[in-house]
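One letter stands for each residue in the lines below.
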Amino acid sequence: MTQAPARFAALRNRDCRPYLIGAALAMMADNIEHVLTYWVLWEKFHSPALAGFEVISHWLPFLLFSVYFGGLADRFDCRRVIQAAQALFMLVSVGWGVLFLTDTLQVWNACLLLVLHGLAGALWGPGEQLMLHDFVGDDELPSAVRLNATFRSLGILFGPVVGSALLLSIGPTAGIFINVLFYLPLTLFLFRTKFTGHTRDGFTVKRVGVLDSLRVVKDIAANRTLISMIVLGGIGSLFIGASLQSTMPIFANDLGAGSEGTAYGVLLFANGVGGVVGGIVLEATGWVRPNVKAAVVSTLVYGVTTLIFAVTTNYPLALGMLVLGGVANLAAMSIGQTVVQLLAPAPDRGRVLGVYGTASMGLRFGSGVTVGLFGAVVGIHWALGLSAAALCVCTIAAGLYARALRPPPARPESEFSS
């Protein structure tokens with residue numbers, strides 16, 4: 001019997017550990033930029049349409065380009081791909097800073113920078129996952145993916161805190177220039193590490209045309225485990241996605257727990273802390289193994305907790321559901337990424353991860369329709385509740401689909417079957 005990997009195995013890896021820390025700082029910088037730029041854009045333009053474009057521009061590049069960027073990660077040195085993404089992040093931050101400093105910000109250049117920022121995030125994703133696999137290999141990959149998700153959750157949790165502190169203490173202009181520094185540790189580390197994302201599997205130069213990238217969808221269509229993981233990531237993204245954060249002010253007001261601003265902050269913190277605590281607990285205990293059953297159960301728990309949050313009028317219960325939902329969402333996404341990585345053919349791993357990213361990240365812009373626009377018609381509580389119910393139904397259907405036929409065993413059957 002294969003010995004189970006040590007707890008926090010990826011943190012014990014001297015190559016993976018600095019990457020995880022650098023990625024957390026870069027993710028924090030991403031969220032700091034949101035805090036600073038969204039505040040300035042609202043103060044200057046007071047445009048709800050521009051606020052909506054902020055969400056669309058962040059997620060639409062994942063939908064349109066994840067597979068192609070996965071092809072780039074398959075072909076090129078992933079260190080340079082990620083560094084290109086980080087350089088684009090830094091360039092965008094500097095661009096905002098120059099426009100703030102010269103007071104020349106207009107809607108068109110704001111939209112351009114928002115799109116470039118979204119492209120940088122989409123470019124980063126597939127290369128990052130290949131690097132994690134290269135750092136630790138198959139046996140410790142679940143730990144690396146789970147801890148990477150946890151460290152990213154830390155960045156998401158503390159980004160608004162640091163961003164708000166910069167905004168209040170030194171203002172958005174100086175703050176956005178300082179924000180560039182948070183991208184540097186990851187960028188500089190990638191000059192030092194010997195891993196390229198391909199050292200374990202070999203490096204094969206391929207074409208990276210759009211049609212070549214999309215071919216992988218046809219190639220994996222017969223693998224029900226891969227398809228079920230992609231579907232699970234996609235439905236969670238489509239039905240709930242980023243809607244919790246954008247609708248939280250409404251729930252804070254409706255739950256009526258003292259000061260609306262305080263209630264809002266606590267709800268946001270509960271939503272973020274669930275991912276951090278969940279990642280640490282899951283890594284420390286090893287309770288959840290990366291398989292279809294665990295992914296289905298985790299996604300189902302995420303749907304049920306979101307449904308309860310949508311309909312409850314009890315503030316402590318709402319907080320509890322957000323924390324538990326954060327744990328379940330992190331578990332579902334880290335399991336999905338792990339299974340997809342391990343079952344994907346090595347030469348096409350980046351493209352397959354790109355397909356997963358298209359579903360799990362790109363479809364998040366759709367939650368603006370399923371919850372946002374639908375909520376304008378029936379109310380936010382009904383819209384989120386019905387979306388969560390739809391997620392539960394589709395999750396059960398995806399689980400039944402995965403069980404209907406065993407996938408071709410690219411790894412030992414016991415590892416991934418339900």
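Residues numbered from 1 in each chain as written. Predicted model: local features only at pLDDT ≥ 70, side-chain atom pairs only at ≥ 80, totals over all residues. Heavy atoms only, no water.

Enquirer: Hey, could you run me through helix H10 (residues 224–239) in this one?
Expert: For an α-helix, the turn length of 3.6 residues means that residues three or four places apart are oriented alike. The terminal C-alpha atoms of H10 lie 22 Å apart, and with 16 residues this matches the ideal 22 Å at 1.5 Å per residue to within 8%. What H10 keeps buried is the set Thr 225, Leu 226, Ser 228, Met 229, Ile 230, Leu 232, Gly 233, Gly 234, Ile 235, Gly 236, Ser 237 and Phe 239. Between the side-chain oxygen of the N-cap and the backbone nitrogen of Thr 225 there are 3.1 Å, and the N-cap of H10 in question is Asn 223. Of the residues one or two after H10, Gly 241 is the one with positive phi, at around 50°. (Helix = DSSP H or I, 4+ residues; strand = E, 2+ residues; numbered from the N terminus. Expected span 1.5 Å × (residues − 1). Buried < 20%, exposed > 50% of the residue type's maximum accessible area, 1.4 Å probe, protein only. Polar contact = N/O pair within 3.5 Å; in protein donor to acceptor, adjacent residues only side chain to side chain.)

Enquirer: Could you clarify how one ought to interpret a nonpolar patch on the surface in this entry?
Expert: On the surface, a cluster of nonpolar side chains totalling about 550 Å² of accessible area is made up of Ile 170, Ile 178, Leu 181, Leu 184, Leu 188 and Phe 191. Among the elements that make up the nonpolar patch, the one with the highest residue count is helix H8 (residues 184–192) (3 residues). By the secondary structure assignment, Leu 184 is in helix H8. You can call Leu 184 partly exposed: its relative accessible area is 31%. (Patch = residues over 30% accessible without salt bridge, like charges linked within 9 Å, V, L, I, M, F, W, Y side chains within 5 Å. Areas by Shrake-Rupley, 256 points an atom, 1.4 Å probe, with all protein chains shown as cover. Salt bridge = Lys/Arg side-chain N within 4 Å of Asp/Glu carboxyl O.)

Enquirer: In this structure, what is going on with the nonpolar core? I would like to understand it.
Expert: Generally speaking, soluble globular proteins have nonpolar side chains that are buried together. By size, the foremost hydrophobic cluster in this structure holds 88 residues, and its most contacted members are Cys 16, Tyr 19, Trp 124, Phe 135, Leu 267 and Phe 309. Per element, the largest residue contribution to this core is 11 residues, and it comes from helix H14 (residues 315–343). Leaving out residues up to four positions away in the same chain, Phe 309 has contacts with Leu 244, Met 248, Phe 251, Leu 267, Ala 318, Met 321, Leu 322 and Leu 384. Counting residues in each nonpolar core, the second largest holds 18 residues, with Val 40, Leu 99, Phe 100 and Leu 167 among its members. (Core = buried A, V, L, I, M, F, W, Y, C linked by side-chain atoms within 4.5 Å. Contact = heavy atoms within 4.5 Å.)

Enquirer: Is there a simple way to think about the packing of aromatic side chains in this case?
Expert: Here the structure, examined in full by the defined rule, presents 10 aromatic pairs. When the ring of Phe 89 is compared with that of Tyr 183, the centres are 5.2 Å apart and the planes differ by 5°; the resulting orientation is stacked. Highlighted residues: Phe 89 in helix H4 (residues 78–102) and Tyr 183 in the loop between helix H7 (171–179) and H8, separated in sequence by 94 residues. Across this residue pair, the class does not change: Phe 89 and Tyr 183 are buried. An angle of 75° between the planes, with centres 5.5 Å apart, marks the rings of Phe 135 and Phe 195 as edge-to-face. Here Phe 195 lies in the loop between H8 and helix H9 (210–220) and Phe 135 lies in helix H5 (residues 107–136), a separation of 60 residues in the sequence. Taking relative accessible area as the criterion, Phe 135 reaches 1% and is therefore assigned buried. We classify Phe 195 as buried; its relative accessible area is 10%. Three or more aromatic residues joined by ring pairs make a cluster, and in this case those are Tyr 19, Phe 135, Phe 189 and Phe 195. One residue, Arg 152, lies across the ring of Trp 124, its end atom 4.2 Å from the ring centre. (Phe/Tyr/Trp six-rings, centres within 6.5 Å; stacked < 30°, edge-to-face > 60°. Lys NZ or Arg CZ within 6 Å of the ring centre and 35° of its normal.)

Enquirer: Before we go on, may I ask you to explain unusual backbone geometry in this structure?
Expert: Residues other than glycine predominantly adopt negative phi, and peptide bonds predominantly adopt the trans conformation. Here Asp 103, not a glycine, exhibits a phi torsion of approximately 55°, which is positive. Inspection of the secondary structure puts Asp 103 in the loop between H4 and H5. By relative accessible area, Asp 103 is classed as exposed at 58%.

Enquirer: What is the right way to look at empty space enclosed by the protein in this model?
Expert: It is the rolling of a water-molecule-sized probe over the atoms that shows where space remains empty. Across all of its chains, the model carries 5 cavities of 30 Å³ or more by this definition. There is about 60 Å³ of room inside the second largest cavity. The wall of the second largest cavity is formed by Glu 33, His 34, Thr 37, Tyr 38, Glu 54, Ser 57, His 58, Trp 96, Leu 114, His 117 and Gly 118. Class assignment of the residues belonging to the lining of the second largest cavity gives a composition of 3 nonpolar, 6 polar and 2 charged. (1 Å grid on protein atoms, 1.4 Å probe; cavity = no way out; pocket = protein on both sides within 12 Å on 5 of 7 lines; lining within 4 Å. Points joined across faces, edges and corners; volume = space filled by probe spheres on them. Nonpolar A, V, L, I, M, F, W, Y, C, P; charged D, E, K, R; others polar.)

Enquirer: I keep staring at the environment of Met 333 and nothing clicks. Help me out?
Expert: With respect to the helices and strands, Met 333 occurs in helix H14. With 104 residues separating them along the chain, Met 333 and Met 229 place their C-alpha atoms 9.0 Å apart. The contact partners of Met 333, leaving out residues within four places of it in the chain, are Tyr 356, Ser 360, Met 361 and Arg 364.

Enquirer: Quick question: what am I supposed to make of the confidence of the model for the chain here?
Expert: The predicted coordinates of low-pLDDT regions are not to be read in fine detail. Residues with a pLDDT of 70 or more make up 89% of the chain, whose mean pLDDT is 84. By mean pLDDT, helix H18 (residues 413–416) is the weakest element of the chain at 41, and H4 is the strongest at 97. With pLDDT under 50 throughout, residues 407–418 is counted as low confidence; its partners more than four residues away or in other chains account for 28 contacts. (pLDDT = per-residue confidence, 0-100.)

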